[in-house]
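Structural features, examined
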Amino acid sequence: MSSAFNAEVRMLLCGNCGASLPLTPAGGGQIQCQYCNTVTVVTPRDDRSMSRGPVDEEQRIARLWTQIQVEMRVHPQCYAILDDKTGLLPQKNVATAMKMWEDTRRRQAVDPASTLDDLLWLTTSLAMVFVDDAARNRALWESALESSHDLHHRQFFRSALSRAATKAGDSSAAQAWLAPCDPQPQDLLSDTAYRAASAYLATARGQFDQVVEVLGPRTDSLPLFVALRVLCHLLRANAFEKRGDVQTATAQLSALVAAEPALATVIPAVTHASAFMNLCSQSMHAVLGR
């Protein structure tokens, strides 16, 4: 099926007013904003492979383990617009966040190093606000991708688009967004983003052996970037549960919550965000009673 995440077209936001632009072919073209009349020249999307060729996998994973404490590098003003209790972007700050997002996109063109990981942070926060507006959500992610030249940022955005396409029921688009990504990146964020998107798509397809292969059989099999860690653990536990091994799924979730009690509230929120998958229904009930 085709969806709002169809990779054969471009869906971008106007760089002048932030409105959604008309659909454009993947090859690009000139498009005029229907709201402010600004004409935007859209270049062909860069769908080239980001892979740098095969590397020694054992050495690569060892390097990724050294990055386990690394988090996104974000300026303080990005944290300041989130709600202190929920960590989410409140509606009252959406306009401010959109302005910061546009300013960050413009700065990326002239001084990308100065933006750190702000665009990743802001796009993720805004995408959660517009999670039920598929076209707006898609345009946010692809506009961020369009503005990024750093490979690990591009891999993060493509992986996010792949997961969103999977959620929209468009597995072909999900595979298309993921196809140019590097399966053996050198940084933990890129590696986890790719694994999460691959496991998410495999889960939707009922390929639970593939999920375990991608994420490893244990919670400590692979290093995982903190922002995607809970999702990866849930996808793995769900794979065991769906294969009939509820005991292993329950044991893994129990160990996670015992080590970090705050996950008792995080885990239900993450499963709710992907409710169509019915993740860990039996094991989560056994561990959390819900």
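All of the points below concern the structure found in this document.

With that settled, the discussion passes to the overall build of the protein chain. The helix and strand inventory of the protein chain stands at 13 helices and 4 strands. Taking 19 Å as the expected radius of gyration for a compact globule of 290 residues, we find that the protein chain reaches 19 Å, a close match to that expectation. Judged by the C-alpha coordinates and their principal axes, the protein chain covers about 60 × 45 × 40 Å. Across the 290 residues of the protein chain, 50% fall into the buried class. Considering only residue pairs separated by 6 or more positions, the protein chain has 62% of its internal contacts joining residues 24 or more positions apart. For the protein chain, the centre of its 27 positive side-chain charges and the centre of its 29 negative side-chain charges are spaced 3 Å apart.

A volume near 1800 Å³ is recorded for the largest pocket. Lining of the largest pocket is provided by 44 residues; of these, Leu-88, Thr-124, Met-128, Ala-227 and Val-270 occupy positions nearest its centre. When contributions to the lining of the largest pocket are tallied by element, the ones reaching two or more residues are α4 (118–129), α5 (134–147), α6 (151–167), α10 (226–242) and α12 (263–273). When the residues that make up the lining of the largest pocket are grouped by side-chain class, the tally is 30 nonpolar, 7 polar and 7 charged. By volume, the second largest pocket amounts to about 300 Å³. Lining the second largest pocket are 16 residues, and of these Gly-15, Arg-105, Ser-143, Glu-146 and Ser-147 sit closest to its centre. Sorting the residues of the lining of the second largest pocket by element identifies β4 (39–42), α3 (94–110) and α5 as the ones contributing at least two each.

Turning our eyes to something else, we now look at the packing of aromatic side chains. All told, the structure shown has 5 aromatic pairs when counted by the stated rule. Ring plane angle 65° and centroid distance 4.7 Å describe the contact between Tyr-79 and Trp-121, whose orientation is recorded as edge-to-face. Separated by 42 residues along the polypeptide, Tyr-79 in helix α2 (residues 76–80) and Trp-121 in helix α4 bring together distant segments of the chain. You can call Tyr-79 partly exposed: its relative accessible area is 39%. Assessed through its relative accessible area of 19%, Trp-121 is described here as buried. With 5.9 Å between their ring centres and 80° between their planes, Phe-156 and Phe-157 make a pair best called edge-to-face. The exposure class of Phe-156 is buried, given its relative accessible area of 6%. An aromatic cluster of three or more residues is present, and its members are Trp-141, Phe-156 and Phe-157.

Turning to helix α1 (residues 57–65), a few remarks are in order. When we look at burial in α1, the residues that qualify are Arg-60, Ile-61 and Leu-64. Along the axis of α1, the buried residues cluster in a sector spanning 95°; they form a single face. Taken together, the buried residues of α1 touch α8 (188–204). You can read the cap of α1 off the contacts: a side-chain oxygen lies 3.1 Å from the backbone nitrogen of Glu-58, and it is on Asp-56.

This part takes up the environment of Asp-191. Note that Asp-191 resides in helix α8. Note: C-alpha distance between Asp-191 and Leu-64 (127 residues apart in sequence) is 8.4 Å. Engagement of the side chain of Asp-191 in a polar contact is seen with the side chain of Arg-60, the distance being 2.8 Å.

What counts, and where the lines are drawn
- Residues numbered from 1 in each chain as written.
- Predicted model: local features only at pLDDT ≥ 70, side-chain atom pairs only at ≥ 80, totals over all residues.
- Heavy atoms only, no water.
- Helix = DSSP H or I, 4+ residues; strand = E, 2+ residues; numbered from the N terminus.
- Rg over C-alpha atoms; globule rule 2.2 N^0.38 Å.
- Buried < 20%, exposed > 50% of the residue type's maximum accessible area, 1.4 Å probe, protein only.
- Contact = heavy atoms within 4.5 Å.
- Lys, Arg positive; Asp, Glu negative; His and termini not counted.
- Charge placed at Lys NZ, Arg CZ, Asp CG, Glu CD.
- 1 Å grid on protein atoms, 1.4 Å probe; cavity = no way out; pocket = protein on both sides within 12 Å on 5 of 7 lines; lining within 4 Å.
- Points joined across faces, edges and corners; volume = space filled by probe spheres on them.
- Nonpolar A, V, L, I, M, F, W, Y, C, P; charged D, E, K, R; others polar.
- Phe/Tyr/Trp six-rings, centres within 6.5 Å; stacked < 30°, edge-to-face > 60°.
- Arc of directions from axis to C-beta.
- Polar contact = N/O pair within 3.5 Å; in protein donor to acceptor, adjacent residues only side chain to side chain.

Any functional reading would require information beyond the geometric quantities listed.
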